[in-house]
Amino acid sequence: MKPYKILKHQNPKPFILIPHQRSLFSALSSSTSDQSQSPSSEISPDVLVESARSSQWHFIKHLSPNLDSSLISTVLLNLHKTPELALQFTSHVEFHRLDIKTRCLAIAVASRLPSPKTTLNLLKRTVSSDIAGVAVIFDELALARERLGISTTILFDLLIKACCEMKRVDEGLECFYMMKDKGFIPKIETCNALLSTFLKLNRTESAWVLYAEMFKMRIKSSVYTFNIMINVLCKEGKLKKAKDFIGFMENLGVNPNVVTYNTIIHAYCSRGRVEGARFVLNAMRSKGIQPDSYSYSSLISGMCKDKRLEEASEMFEKMKEMGLVPSAVTYNILIDGYCNEGDLGKAFRYRDEMVEQGISPTVSTYNMLVHALFMECKMDEADDLVKEMEEKGLSPDQITYSILINGYSRCGNVKKAFSFHDEMLTKGIQPTRITYTSLIYALSKRNRMTEADNLFEKIMKKGVAVDVIMFNALIDGHCANGNMERAFSLLKEMDKLNVPPDDVTYNTLMQGHCREGRVEEARELLDEMKRRGIKPDHVSYNTLISGYSRRGDMKDALRVRDEMLSTGFNPTLLTYNALIQGFCHNQEGDIAEELLKEMISKGITPDDSTYLSLIDGMGNIDQSVESCNSC
C-alpha cells in the first residue's frame, strides 16, 4: 500500500489521512450527493466499527438516519466485547429509533457492563415505549442472548426488575413464568423485587401466590424474602402468624435480623397494641438481637398515640441511656404527641433539645408546632415560628400553607388566609382539597357566600376531587345565611358527583330548617337519612328536640327524646336545656323542675343556660299569676 502524501501549507503541519477516514468521507459524500441509492448499502460495517473505535461520533450521527437495523446489529455484534463503545454507538444512532430486535441486541450487549444500571434504564425505556409487549421483548432478549453466547439469566432478571420499578408488576410476573417455562430459575433478588412490589401495591394475595410458586421451584428464600412476607402478614393484620413465621424461617436455617422484629413491633404499635410490641422486643433481646433506634421509635410512637406520654418520655430516656442516637423522626413523634395533648411547653423543650444535640428541626417539626399554636389561637407566635423556619433555610411546604390557611380561616382572618393561598401559588405549590375547604369555611363564616360559591366553581374547573367535608362547609354557610334553596341544590350536586352525604350534611340541613321554624321538614330529613342508611346521632335528635321545644310542641319534643333513647343515645346537656326551655316557655315549670332533678341524677351538670331558662320560666309564671289576680 502506498503511503499518503503529507500536505504542505505556508506553515507546514502534518495532517495524515487515515484509510478508514477516507472511506467514511466517501460514504458521507455519496450519502449527500446521490439520494436515489440506499446509502446504508454503500457503508460497510467495518467503516462504522473503525469510526466508533476512533471516536468519530459526529460522522456516525450524521449517517444515523440512513443506517438500517441489519447494519446496526452487525456493528453491535462486532463491538460486543467492548460494551462501553457499543453503548456509545447506540446512543449516537439514537436508541429510540431502533426496532425491537436491534434494541434487544443493544440491551444484551449493555448487560456485559459491570453495573446493571444502564441495562435497567434501557429496558425501562423499551417497556415504557410500548414498542412491543413484554412477551415479545422477552423472546427477543432470548434470541440476542443466544447470538452473544451469554450464559447467565441476567437479561430476564433485569427485565422483571424493570417492570417492578415501573409498577408494572403483572408484566414482571408474566416474565417470571416465561423464565420458568424455559427452565430458568429467577434469582432470589428478582423474586424479592416482585414480592416487594406486590406488598407496596397492597396486593397481598398475589404475593402469597408468587411465594408458593417460589417454594415449588425450590428457590431458596433469603432473610429479606422472609421480612417481606412477615410485612405482608402484618399488613393483613395477622400479627400472631407474623410472630410464628419467625419460627418457620429459623427451621429453614435463616436467622431473623433486627428488621424482622422491627416490622412486627411497628405493626403492633400502629394498631395500638403496645404491650404486644413490648413482648416482641423482649423476644428479640432473648435471641441476642439488640433493638435499634427504629425499634424504640415505634414503641414511643405507639405510646404517644395511646396518650401514654410519660411512658413514651421514659422509653425515650432509656433509649438514650443505651447509647442509641434519636433521629429527627423520634423527636418529631414526641413533639407531635405533646402538641396533640396541648402541652406546648414540653413540645418546645423537645424541639430545643434536638437543636442542642445537633439535630436540625425539619419542616415537619415546625408544621406540628405551628398547628398547635393555631389551635390555641396564638397567631403571633405561629407567625414568628414560620419566620424562624424560613431563616433556617427551610421552605414552607404544602402542609405548612394548609396549616396557615386553615389557622387564619378558623380565626376569621380571611384576608391573611387568602394571602397565603396566593403565596403558595406563586411558589408553584398546589393547594390541597383541605386548603380549599378552609377558605370556603372562612368565607362562609363571614357571610361571603357569593365568593364561596365562586371559589367552589373554580375548584371544580381545576379538576380538584371535592369531598363531603368541602360540600358540608358550603352547605353550612348557606344554611346559616338562610339560603336553603342553594343548600339543597348542593345536596343534589353531591348525588350527581357520587359524593355520599353523611350525618353532618343532614344535621346541617335540619338545623337550617329548624332555624326557620320548619320542624316538619327537618323531621322528614331525619327519615330520609335513615332511608339512605345514614345513622342519626345525638346532634340529629337534639336538633329536632330543640326545634319542637322552641315552637312549644312539647309532646313532639318528648316523642323525639324517647326515639333517641330507643336508639341507644342518652340525653345530653343540650337535650335537657332544650326541653327545660320549652316547658318553661309553656309555663310548665313543675315539669321543667322534674327534668332538672333527672339530669342531675344522671350526672349532667346544669349550665348558665339551664338556670336562665328556669328563672325566665318562673318570671313568666309570676306575671301570669298577677294577671289572674287583677281579673
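Please read all numbers here as calculations on a predicted model, not as lab measurements.

So, how was this worked out
- Residues numbered from 1 in each chain as written.
- Predicted model: local features only at pLDDT ≥ 70, side-chain atom pairs only at ≥ 80, totals over all residues.
- Heavy atoms only, no water.
- pLDDT = per-residue confidence, 0-100.
- Contact = heavy atoms within 4.5 Å.
- Axes fitted to C-alpha atoms, helices over the stretch in contact; angles between N-to-C directions.
- Helix = DSSP H or I, 4+ residues; strand = E, 2+ residues; numbered from the N terminus.
- Parallel < 35°, antiparallel > 145°, perpendicular 65-115°, else oblique.
- Nonpolar A, V, L, I, M, F, W, Y, C, P; charged D, E, K, R; others polar.
- Salt bridge = Lys/Arg side-chain N within 4 Å of Asp/Glu carboxyl O.
- Buried < 20%, exposed > 50% of the residue type's maximum accessible area, 1.4 Å probe, protein only.
- Phe/Tyr/Trp six-rings, centres within 6.5 Å; stacked < 30°, edge-to-face > 60°.
- Lys NZ or Arg CZ within 6 Å of the ring centre and 35° of its normal.
- Expected span 1.5 Å × (residues − 1).
- Polar contact = N/O pair within 3.5 Å; in protein donor to acceptor, adjacent residues only side chain to side chain.
- Patch = residues over 30% accessible without salt bridge, like charges linked within 9 Å, V, L, I, M, F, W, Y side chains within 5 Å.
- Areas by Shrake-Rupley, 256 points an atom, 1.4 Å probe, with all protein chains shown as cover.
- UniProt positions renumbered as here; feature names shortened; annotations may be inferred.

Asker: Any chance you could explain the confidence of the model for the protein chain here in plain terms?
Answerer: As a general rule, the predicted coordinates of low-pLDDT regions are not to be interpreted in detail. Looking at the protein chain, the pLDDT average stands at 87 and 91% of residues meet or exceed 70. Low confidence marks residues 1–40, where pLDDT is under 50. Its contacts with residues over four positions away, or in another chain, come to 35 contacts. Below pLDDT 50 for its whole length, residues 621–631 participates in two contacts with residues either more than four positions away or in separate chains.

Asker: Can you walk me through the packing of helix H28 (residues 468–480) against helix H30 (residues 503–515) in this structure?
Answerer: Two measures define how a pair of helices packs: the angle their axes make with one another and the distance between the axes. At a minimum axis distance of 9 Å, the contact between H28 and H30 shows a crossing angle of 5 degrees. Taken together, H28 and H30 sit at an angle that is classed as roughly parallel. Across the interface between the two elements, Val468, Asn472, Ile475, Asp476, Cys479 and Ala480 of H28 pack against Val504, Thr505, Thr508, Leu509, Gly512 and Arg515 of H30. By residue class, the composition of the contact of H28 with H30 is six nonpolar, four polar and two charged.

Asker: Can you help me understand the pattern of salt bridges in this one?
Answerer: Where charged atoms from two side chains of opposite charge come close, those side chains can pair. Within this structure, the stated rule accounts for 40 salt bridges. A salt bridge links Arg278 to Glu311, with the nearest nitrogen and oxygen atoms 3.4 Å apart. Note that Arg278 is positioned in helix H17 (residues 274–286) and Glu311 in helix H19 (residues 309–321), a separation of 33 residues in sequence. For Glu311, a relative accessible area of 29% gives the class partly exposed. Linked through salt bridges whose partners overlap, the residues forming this network are Glu275, Arg278, Asp306, Arg308 and Glu311.

Asker: Explain the packing of aromatic side chains to me, please; I cannot follow it from the model alone.
Answerer: Going through the model one piece at a time under the given rule, you end up with 19 aromatic pairs. Considering the side-chain rings of Tyr541 and Phe569, the 6.2 Å spacing of their centres and the 50 degrees angle between planes classify their relative orientation as tilted. With Tyr541 in helix H32 (residues 538–551) and Phe569 in the loop between helix H33 (554–566) and helix H34 (573–585), this pair connects stretches of sequence that are 28 residues apart. On the basis of relative accessible area, Tyr541 is assigned to the buried category, the value being 1%. Above the plane of the ring of Tyr441 lies Arg410, whose end atom (NZ or CZ) is 3.7 Å from the centre.

Asker: Looking at this model, I keep getting lost on H30. Mind explaining?
Answerer: Since the α-helix turns once every 3.6 residues, residues separated by three or four places project in the same direction. In this model, H30 (13 residues) spans 18 Å end to end at C-alpha, consistent with the 18 Å of a helix rising 1.5 Å per residue. Those residues of H30 that fall on the buried side of the exposure criterion are Thr505, Tyr506, Asn507, Thr508, Leu509, Met510, Gly512, His513 and Cys514. In this structure, the buried side of H30 is in contact with H28, helix H29 (484–496), helix H31 (519–531) and H32. Measuring from the side-chain oxygen of the N-cap residue of H30 to the backbone nitrogen of Val504 gives 3.1 Å; that N-cap residue is Asp502. Gly517 sits one or two residues past H30 and shows a positive phi near 80 degrees.

Asker: What is the right way to look at the packing of helix H20 (residues 328–340) against helix H22 (residues 363–375) in this model?
Answerer: Following both chains from N to C, one finds H20 and H22 inclined at 5 degrees, their axes separated by 10 Å at the closest point. With respect to each other, H20 and H22 are oriented roughly parallel. Residues Asn332, Ile335, Asp336 and Cys339 of H20 lie in contact with H22, whose contacting residues are Ser364, Thr365, Met368, Leu369 and Ala372. The residue inventory of the contact of H20 with H22, partitioned by class, reads five nonpolar, three polar and one charged.

Asker: What exactly am I supposed to notice about unusual backbone geometry here?
Answerer: Peptide bonds are mostly trans, and most non-glycine residues show a negative phi. The backbone of Glu94 shows a phi angle near 65 degrees, a positive value even though the residue is not glycine. By the secondary structure assignment, Glu94 is in the loop between helix H6 (83–92) and helix H7 (100–110). Of note in the backbone geometry, Lys307 takes a positive phi value of approximately 60 degrees without being a glycine. Residue placement: Lys307 occurs in the loop between helix H18 (293–305) and H19.

Asker: What is the right way to read a nonpolar patch on the surface from this model?
Answerer: A cluster of nonpolar residues, Phe215, Phe248 and Leu252, forms a patch on the protein surface that exposes about 270 Å² of accessible area. Checked against the element boundaries, Phe215 lands in helix H13 (residues 204–216). The partly exposed category is assigned to Phe215, whose relative accessible area is 44%.

Asker: Which parts of the structure should I look at to understand helix H15 (residues 239–251)?
Answerer: Here H15 contains 13 residues, and its C-alpha end-to-end distance of 19 Å stays within 8% of the 18 Å for a straight helix at 1.5 Å per residue. Looking at the buried side of H15, the elements it contacts are H13, helix H14 (223–235) and helix H16 (258–270). At the C-terminal side of H15, Gly253 shows a positive phi close to 85 degrees.

Asker: How should the UniProt feature "domain: Pentatricopeptide repeat-containing protein-mitochondrial" (unreviewed entry) in the protein chain be read in this particular structure?
Answerer: When the UniProt feature table is mapped onto this chain, "domain: Pentatricopeptide repeat-containing protein-mitochondrial" (unreviewed entry) is found at residues 386–493. As a span, residues 386–493 carries 76% helix and 0% strand, and end to end its C-alpha atoms are 39 Å apart.

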